Amino acid sequence: MDTIERVSIECRGLRKAYGRTVAVDGLSFTVEPGRVTGFVGPNGAGKSTTMRMILGLDRPDAGAALVGGQPYRDLRTPLRRVGALLDAGAVHPGRRARDHLLWMAQSNRLPARRTDEVLELVGLATVARRRAGDMSLGMRQRLGIAAALLGDPPVLMFDEPVNGLDPQGVHWVRGLLRGLAAQGRTVFVSSHLMSELADTADHLVVIGRGRLLADASVRDLTAGASTLEQAYLELTRDAVDYGRAS
Ligand SMILES: Nc1ncnc2c1ncn2[C@@H]1O[C@H](COP(=O)(O)OP(=O)(O)OP(=O)(O)O)[C@@H](O)[C@H]1O
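Values in this document were obtained by computation on a predicted structure and should not be read as measured data. (Residues numbered from 1 in each chain as written. Predicted model: local features only at pLDDT ≥ 70, side-chain atom pairs only at ≥ 80, totals over all residues. Heavy atoms only, no water.)

Peer 1: I keep staring at the sheet that holds strand 2 (residues 21-31) and nothing clicks. Help me out?
Peer 2: Remark on secondary structure: sheet strands pair via backbone hydrogen bonds, oriented parallel or antiparallel. Ordered in space as 2-1-4, the three strands form an open sheet in which the pairing is antiparallel. Each edge of the sheet is formed by a strand with only one pairing partner; in this case those strands are strand 2 and strand 4 (62-67). Across the sheet, the mean angle separating the axes of adjacent strands is 20° when strand polarity is ignored. By the bridge criterion, five bridges tie strand 1 (residues 9-18) to strand 4 in an arrangement that is antiparallel. Within strand 4, the position partnered with Glu10 by the bridge is Leu66. Sitting on the sheet, helix 1 (residues 47-54) touches strand 1, strand 2 and strand 4, and the angle it makes with strand 1 is about 120°. (Pairing = 2+ DSSP bridges. Helix = DSSP H or I, 4+ residues; strand = E, 2+ residues; numbered from the N terminus. Axes fitted to C-alpha atoms, helices over the stretch in contact; angles between N-to-C directions. Contact = heavy atoms within 4.5 Å.)

Below you can see the structure in the form of structure tokens.
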């Protein structure tokens, strides 16, 4: 296997407001390669907005989000640098799994055989001709993960990857994330499942109301608490504001 280039994600003073709602409020942190970093916070804390800014889908009002020192929009071959699963429902329901990946591969000058490799990797090879609209939520999650892996990128971002997966699927995602980090990749994953992250993540970035609450190892976070969930609840106690949640 080729050596994986070590590429970090860096957010510096990120800010984004939608009208009067400040979704992200001066956020700075770095996501390092070679480990799984969990991205957590109450509903409406600003996680998706931050991920969207890292991926160039939203423009920050202030600050910068960089991948390997560059804004996503400046990357020459983005799929080869960053793979992302944001919204598994984003695939057109009429499109067949393999055609969706093939279209992505071709438009990013990736070899067509990579399509079959990633379908195999995520366990969808036998349903490659099924339309996205005829797939279960869990299967669509796997298709989204396949798309993220297509360019064999050193940076991977997953927004709620175990959403809709059965226990076998959850177990599989855990192994996948750990394996990708062990290869030296940067793995950034948002989740609401603290017990899941306790088993999967090495490090957590915790935010609330758009601000950084903690950027620490899972070991350090759990040192003073009975469980990671307990530590999280303590950290976010004053940051829950469901008026912000969409
Ligand atoms: N396109 C938008 N237009 C207006 N407000 C938005 C938009 N996107 C997000 N927001 C608001 O910004 C805040 C942060 O939302 P965001 O979706 O980033 O939070 P989150 O941490 O991902 O939440 P969840 O855990 O519920 O997915 C919320 O108040 C939300 O309502």
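Let us keep going from here.
Peer 1: Honestly, the nonpolar core in this entry has me stumped. Any pointers?
Peer 2: Generally speaking, nonpolar side chains in soluble globular proteins are found buried as a group. Grouped together as the largest cluster of nonpolar side chains are 50 residues, with contacts concentrated most on Leu124, Ile145, Leu149, Phe158, Leu197 and Leu204. Setting aside anything within four residues of it in sequence, one finds Ile145 in contact with Leu85, Val122, Phe158, Pro161, Trp172, Val173 and Leu176. (Core = buried A, V, L, I, M, F, W, Y, C linked by side-chain atoms within 4.5 Å. Buried < 20%, exposed > 50% of the residue type's maximum accessible area, 1.4 Å probe, protein only.)

Peer 1: Sorry, what's going on with the pairing of strand 1 here?
Peer 2: Looking along a regular strand, one sees side chains alternate from face to face of the sheet. Pairing analysis gives eight bridges linking strand 1 to strand 2, with the strands arranged antiparallel. Along strand 2, the bridge assignment pairs Tyr18 with Thr21. Here strand 1 folds back onto strand 2 in antiparallel fashion, the turn holding two residues, of which Gly19 has a positive phi close to 60°.

Peer 1: Looking at this model, I keep getting lost on the sheet that holds strand 7 (residues 186-190). Mind explaining?
Peer 2: Strand order in the open sheet made by the six strands is 5-6-7-3-8-9, with mixed pairing throughout. Strands at the two margins of the open sheet, each flanked by one partner only, are strand 5 (82-85) and strand 9 (211-217). The sheet shows a mean angle of 15° between the axes of neighbouring strands, direction not considered. Relative to strand 8 (residues 203-208), strand 3 (residues 35-40) runs parallel, the two being bridged by four bridges.

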